[in-house]
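Observations on the model geometry
So the chains spell out like this:
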Amino acid sequence: MFAVQSVTSFLATCAFGIIYNIPRKPLFHGGLIGMIAWLIYFFLYQWNRNDFVATFAASFVVALMSQVFARLYKNPVIVYSVAGIIPLVPGGLTYSVMSQVVGDQYNLAIHLAEKAFVLSGAIAMGLIFAEVLYQIFKRNFLHNMKKINTRVAFLKK
Amino acid sequence: MDGFHRINDSNEKNVTHEVAAVCVLAGKILLENGAETFRIEDTMNRLAKSFSVDQAQSFVTPTGIIFAIEGCDVTQLVRITHRSTNLRKVTEVNSLSREVAEKMIELEAVHRRLTDIDRSAKVYPDWMQILAAAGASSCFLLMFLGRWEDALPAFIAGGTGQAGAIYFHRLTKVKFFSEFMSSILVGVIAVLSVKIGMGSELNKIIIGAVMPLVPGVPITNAVRDVMAGDLVSGLSKSAEAGLTAFAIGIGIALALSIN
């Protein structure tokens, strides 16, 4: 199951990269990010059956890895994050909403729609959380580097 | 750069006009191909700064860009009518703006390169995108713990859905119509495949095959824009994503009702 899940999630994220016209080199990095995110989501969900936590953790990892890859290879962040996010989108839930509506089960449909909304909120929160964390890290790190550099320059004098 | 251009007043005015034209073109390419709102504004302001125009203001919404330079009468407005996702162009504009910030390329050369990027084709041909959507559909089916024998119907339905999306988009420029039609295609193929005994679980086939059409990125981008404080873009993007989801949902619902 582990092998099937990782191969299919890698291929699916790469395929999404092709649909979104991502250039060749970031395509494979995106696939890697998508694979890791999906494995985190999948096994976290299998473990404690809480899809909110699983979605949040996976999208957090997607965003963090995208930030790192974007800085390393000097590409926009969205190139990496887009494909990795796709498997996390609650597509199945949205489908169930629609099929409940067709069956005139409006109460159930609204209940599921709320859940889908909250899950997409979890994705967004994961993204924002990672970005804020990265910025705090960068600011403090750069600040310290500057301090050290001025100290070194002072000593050299 | 500064001293070079400030020969006389009228020349300087022309230069600011040209800087504004370059910034707006860059913003237009970014917006039409799926970049995030704050990144577009950031890129435009950075580009202006690289050409020593410090007081630039940009306001980006999904349907138009306003770009103004304080202290002189240059203001540009661009209307955006179609949006799609072509991240190659976003990447290229990004690296161009990086180059401009580092080495000071001539204004005209930047303009020429932006026009080239704007005109450039997709990275991957249509058949490859259709194949990718088909493959993604059957991969998603397996990821959602579907059965192996359902992978083939999902492959066919997903590929046909993407082919339909490309074809109908060419036929009419109405985005929601093409999404609606292609989701009907997906639904009908899934239902038929179960009827003739090729597939077993209708739900999983449809969920897998509809994934390439689902507006996952616009939804996520919209929530992100709202949280970043770009309220206008965030709300209009979520309206767009909601309409797309609605079109797909109605298409699938129609296909299910013939079941």
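Note that the structure is predicted; figures quoted are calculated from it, not measured.

**Thoughts on the pattern of salt bridges**
Residues and elements named next belong to chain B. All chains considered together, the criterion is met by 14 salt bridges over all chains. Among the salt bridges present, the one from Asp118 reaches Lys28, with a minimum N-O distance of 3.5 Å. Of this pair, Asp118 sits in helix H5 (residues 107-119) while Lys28 sits in helix H2 (residues 9-32), placing them 90 residues apart in sequence. Its relative accessible area of 23% is what places Asp118 among the partly exposed residues. The partner of Asp42 in a salt bridge is Arg46, and the shortest N-O contact between them spans 2.9 Å. Taken together, the residues span about one helical turn, with Asp42 and Arg46 both in helix H3 (residues 37-50) at a distance of 4 residues. By relative accessible area, which is 52% here, Arg46 ends up exposed. A single network of salt bridges, built from pairs that share partners, joins Arg147, Glu149, Glu201 and Lys204.

**Some thoughts on a positive patch on the surface**
Side chains of A:Arg71, A:Lys74, A:Lys138 and B:Arg98 sit close together on the surface and give a patch of like positive charge. Here A:Lys138 lies in helix H6 (residues 106-156). Taking relative accessible area as the criterion, A:Lys138 reaches 33% and is therefore assigned partly exposed.

**Topic: the interface of chain A and chain B**
Facing 44 residues of chain A, the contacting portion of chain B comprises 48 residues. Three residues stand out in chain A for area buried against chain B, namely A:Asn21, A:Ile78 and A:Tyr95, and they jointly supply 17% of the buried area on that side. Remark: the boundary between chain A and chain B carries 8 residue pairs in polar contact (both at pLDDT 80 or more). Put simply, the parts of the chain that give the side of chain A that touches chain B at least two residues each are helix H1 (2-19), helix H2 (24-48), helix H4 (77-85), helix H5 (91-102) and H6 of chain A. If you tally residues by element for the side of chain A that touches chain B, the top one is H1(A), at 10 residues. Of the residues that constitute the side of chain A that touches chain B, the class distribution is 31 nonpolar, 10 polar and 3 charged.

**Re the packing of helix H4 (residues 87-103) of chain B against H5(B)**
Residues and elements named next belong to chain B. Running from N to C, H4 and H5 point in directions that differ by 170°, and their axes come no closer than 10 Å. Between H4 and H5, the angle is such that the two are roughly antiparallel. Contacts between H4 and H5 involve Lys89, Glu92, Val93, Leu96, Glu99 and Val100 from the first element and Val110, Arg113, Leu114, Ile117 and Asp118 from the second. Residue composition of the contact of H4 with H5, grouped by class: 6 nonpolar, no polar and 5 charged.

Here is what the cut-offs are and how they apply
- Residues numbered from 1 in each chain as written.
- Chains lettered and ligands numbered in written order.
- Predicted model: local features only at pLDDT ≥ 70, side-chain atom pairs only at ≥ 80, totals over all residues.
- Heavy atoms only, no water.
- Salt bridge = Lys/Arg side-chain N within 4 Å of Asp/Glu carboxyl O.
- Helix = DSSP H or I, 4+ residues; strand = E, 2+ residues; numbered from the N terminus.
- Buried < 20%, exposed > 50% of the residue type's maximum accessible area, 1.4 Å probe, protein only.
- Patch = residues over 30% accessible without salt bridge, like charges linked within 9 Å, V, L, I, M, F, W, Y side chains within 5 Å.
- Areas by Shrake-Rupley, 256 points an atom, 1.4 Å probe, with all protein chains shown as cover.
- Lys, Arg positive; Asp, Glu negative; His and termini not counted.
- Charge placed at Lys NZ, Arg CZ, Asp CG, Glu CD.
- Contact = heavy atoms within 4.5 Å.
- Buried area = accessible area lost by both parts, 1.4 Å probe.
- Polar contact = N/O pair within 3.5 Å; in protein donor to acceptor, adjacent residues only side chain to side chain.
- Nonpolar A, V, L, I, M, F, W, Y, C, P; charged D, E, K, R; others polar.
- Axes fitted to C-alpha atoms, helices over the stretch in contact; angles between N-to-C directions.
- Parallel < 35°, antiparallel > 145°, perpendicular 65-115°, else oblique.

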